[in-house]
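Now for the letters of each chain:
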Amino acid sequence: MFKPSWDLERNQLVERHTLTVLVDNEPGVLARVVGLFSARGFNIESLTVSETEHDRHRSRITIVTTATPKVLAQIKLQLERLVPVHRVHDLTAEGNALERELALIKVSGKGENRVETLRLAEAFRANVVDASIESFVFEITGRPNKVEQFITLMQPLGLVEVVRTGLTAISRGKEGM
Amino acid sequence: MAQQMTGAEMVIQALIDQDVEHIFGYPGGAVLPIYDAIFQQDKVEHILVRHEQGATHMAEGYARSTGKCGVVLVTSGPGATNAVTGLADALLDSIPMVCITGQVPTPLIGSDAFQECDTVGITRNCTKHNYLVKSVEDLPRILHEAFYVATSGRPGPVVIDIPKDVQFALGSYMKPNNGSHPTYKPQMEGELEAIKMAVDMMLKAEKPVFYTGGGVVNSGPEASKELRELADLTGYPVTSTLMGLGAFPASSDQWLGMLGMHGTYEANMAMHDCDLMICVGARFDDRITGRLDGFSPNSKKIHIDIDPSSINKNIVVDLPIIGDCGLVLEEMVRIWRSRTNEPRTEAIAPWWKQINEWRDVKSLAYEKSDKVIKPQYAIERLFELTKERDVYITTEVGQHQMWAAQHFHFNEPNRWMTSGGLGTMGYGLPAAVGVQTAHRDALVIDIAGEASVQMTMQEMSTAVQYGLPIKVFILNNEYMGMVRQWQELLHGGRYSNSYSESLPDFVKMAEAFGAHGIICEDPAELDDKIMEMIDSDKPVIFDCRVTKEENCLPMIPSGKAHHEMILPDTADIGNIIDEKGKVLV
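Bear in mind that the values here come from a model prediction, so they are computed numbers and not experimental data.

Some details on helix H13 (residues 325-339) of chain B
All names here are of chain B. End to end, H13 covers 21 Å across 15 residues, agreeing with the expected 21 Å (1.5 Å per residue, within 8%). Of the positions making up H13, those classed as buried are Cys325, Gly326, Val328, Leu329, Met332, Val333, Ile335 and Trp336. Of the surrounding elements, those touching the buried residues of H13 are helix H8 (192-204), helix H9 (214-219), helix H10 (221-234), strand E12 (276-280), strand E13 (300-305) and strand E14 (319-322). The N-cap of H13, judged by a side-chain oxygen 3.1 Å from the amide nitrogen of glycine 326 a few residues on, is aspartate 324.

Comments concerning the domain arrangement of chain A
All names here are of chain A. Domain boundaries assigned for chain A yield domain 1 (5-95) and domain 2 (98-169). Computed from C-alpha coordinates alone, the two centres of domain 1 and domain 2 are separated by 30 Å. Each partner contributes to the interface: domain 1 provides 8 residues, whereas domain 2 provides 6 residues. Interface area for domain 1 against domain 2, summed over the two sides, is near 470 Å², with a carbon-plus-sulfur share of 49%. Of all residues in domain 1, Thr18, Thr48 and Thr62 give up the largest surface area on contact with domain 2, accounting jointly for 57% of the area buried on that side. At the boundary of domain 1 and domain 2, one finds 0 salt bridges.

A closer look at the sheet that holds strand E19 (residues 516-520) of chain B
Residues and elements named next belong to chain B. A sheet is described by the order of its strands in space; here 6 strands give the open sequence E16-E15-E17-E18-E20-E19, paired in parallel fashion. The open sheet has two edge strands with one neighbour each: strand E16 (416-417) and E19. Pairing geometry for E19 and strand E20 (residues 540-545), over 5 bridges, is parallel. The residue of E20 that forms the bridge with isoleucine 518 is phenylalanine 542.

With respect to a nonpolar patch on the surface
Taken together, the side chains of Leu30, Val34, Ile44 and Val49 of chain A define a hydrophobic patch exposed on the protein surface, amounting to about 260 Å² of accessible area. When you line up the elements, valine 34 of chain A lands in helix H2 (residues 29-39).

Side note on the domain arrangement of chain B
One widely used convention gives an interface's size as the accessible area the parts lose upon coming together. All names here are of chain B. Looking at the assigned domains, one finds that chain B contains domain 1 (3-173), domain 2 (192-359) and domain 3 (375-545). Of note, the centres of domain 1 and domain 3, computed from C-alpha atoms alone, are 29 Å apart. Counting residues at the interface gives 25 residues for domain 1, matched by 29 residues for domain 3. The interface formed by domain 1 and domain 3 contains 13 residue pairs in polar contact (both at pLDDT 80 or more). When contributions to the side of domain 1 that touches domain 3 are tallied by element, the ones reaching two or more residues are strand E2 (22-25), strand E3 (45-48), helix H3 (52-66) and helix H4 (78-92). With 10 residues, the top contributor of residues to the side of domain 1 that touches domain 3 is H3. Across the side of domain 1 that touches domain 3, the residue classes break down as 8 nonpolar, 11 polar and 6 charged.

Some remarks on the UniProt feature "domain: Thiamine pyrophosphate enzyme N-terminal TPP-binding" (unreviewed entry) in chain B
Here, the residues flagged by UniProt with the feature "domain: Thiamine pyrophosphate enzyme N-terminal TPP-binding" (unreviewed entry) are residues 5-121 of chain B. Its end C-alpha atoms 29 Å apart, residues 5-121 of chain B is made of 44% helix and 19% strand.

Conventions we followed
- Residues numbered from 1 in each chain as written.
- Chains lettered and ligands numbered in written order.
- Predicted model: local features only at pLDDT ≥ 70, side-chain atom pairs only at ≥ 80, totals over all residues.
- Heavy atoms only, no water.
- Helix = DSSP H or I, 4+ residues; strand = E, 2+ residues; numbered from the N terminus.
- Expected span 1.5 Å × (residues − 1).
- Buried < 20%, exposed > 50% of the residue type's maximum accessible area, 1.4 Å probe, protein only.
- Contact = heavy atoms within 4.5 Å.
- Polar contact = N/O pair within 3.5 Å; in protein donor to acceptor, adjacent residues only side chain to side chain.
- Domains from an automatic or database assignment.
- Buried area = accessible area lost by both parts, 1.4 Å probe.
- Salt bridge = Lys/Arg side-chain N within 4 Å of Asp/Glu carboxyl O.
- Pairing = 2+ DSSP bridges.
- Patch = residues over 30% accessible without salt bridge, like charges linked within 9 Å, V, L, I, M, F, W, Y side chains within 5 Å.
- Areas by Shrake-Rupley, 256 points an atom, 1.4 Å probe, with all protein chains shown as cover.
- Nonpolar A, V, L, I, M, F, W, Y, C, P; charged D, E, K, R; others polar.
- UniProt positions renumbered as here; feature names shortened; annotations may be inferred.

Quick look at the structure:
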């Protein structure tokens, strides 16, 4: 804990980091976390949350944020200060974490576009989860830039709407949080 | 076998088990069962306030003067919202407080019921933690946990929102456990390696300074003792924030006075020019640092704090030590002793010489007068005439607060109660009531301004009801003095809405409350009238008429660094702050 921290000041570049937060799933815990970000002017790019240990009522919150290293350190410490928070890990700093996102994508079209849509979906391993004569709904899972790329390709082919879960992430290897 | 009782009875039993002797509150529909439980016992004394904000400040004054947790009890809706200011105040100044709020019955929550508000939503960002109790089974655990969270680590306010049906419900009560929590585990002991490294840095310093804060007071009397010992051993100079006054004795030769925006020249210059800053339980607040990029440019910085999030928040430091400052200071003393038995008098002699030159500037000097009472003079006399007594000082917020910090001198911790972080006008009078509740025989003085004191004046009635002889010493300059001073600094002396029109006759007001009123306009009569105030066994309102347009100096103007202070001999303060500084507060 006592290593000199002047490099915090030197690096003013904004970085994107994925934080994973283990919390007690009690009423208001999400509001507490989100409220902390808004009250202190931190960014949230994406947020996912769900109870992951039902017997112990614990949830995992995955937050993607962008900030300078100094502010990132603050975000982590401020989160750890919240009473229902067990632990905060900066998966980006720890390196090489698995990051996934799920999206449902509605595309409408006829004729050649429809064939092309399906061909691209196959290449991206997107599944058809709903189909009508004039539309598909695809389900795609992957790293955010893969999802992003697929959505961009669907744009000219009749993209109607998109919903995304936001990023969720876990560290590699045998160690748990 | 767990005892069966109602939720309301559990509240009282938990207070008794937590050694609570006094609570400050105001009844209402949603807390009637708890008030009924209060009625049927005599272990916990309830102080009836006149406004819920008053209750919170009383609890703060009580907590800060005793080191115990302050307890507040208010009703739902407006009761809770009126308490919000005091909660925010306690959060910023790290005051341990448990605030119990009534809530509409659980089936009505969310229906916009009468006197309903989203108390946990409203108070989430102005408390350390808060709870909505949905079942009586959870109540005992939450009550005890609230006291643990409020008082351990960096202290702060905790709200427990209890719906009325939960207060009526029967359940089994349990005693407090030994004070632990599954997730909230503040680090108390500092890392030994870090402390050793700190002592090494201190042994090499040529221009060291201790910069201490409210954390030393919060840590308890032991921390103040250790600080004194360490200062003794090292011979290093000590300055303190507003919140830390009294932790180190003002009578010591090593004392530089308060630092920061209205701190002394020597304290701020020592901060600016030091080569080693040892920050103990302070948080590099903007009142302290001035312009961040001009803050103590050539020093190594050690930061001792119990709250890891205080580290590197405003100022990046070289050596953080997380832990309770009392325990860390104790270790420092031990390690210092193992290295040397001599203070480093010779090594730092040039530094003291420099500091003494800064002292010669006499930054707290002011122009004396025998025609009008100068506010600084009034505080000086108040100090001289009370210093042999068992005295506690509270303040409101503004010029009088800064003059009190500059000219009243504290030699012990827990004697100085002021709203530092939030800067809450109206804090001092109720805080004095809280202090006097805990220290019935002490002399408790609220050093006030005529504007601030009117914000919570109604609590005089509380003081009279409970026979609490607080002394409200008003430095009456008929202006919101600090607002006026900033208007002179920044806005060409256009005193927009800062003149206190239609002031009440404070003497008659005191009499109307059943208190004693004194007015003084002549410096020659001041001593006698202060003695009259001290000798009165009633609460007193003292209307001390002082110079109207006195500025509170010295001052680090907004946007400037420590070495760019305005000193008392500055003729025109209207042209000092540049455009960038103007947007700052």
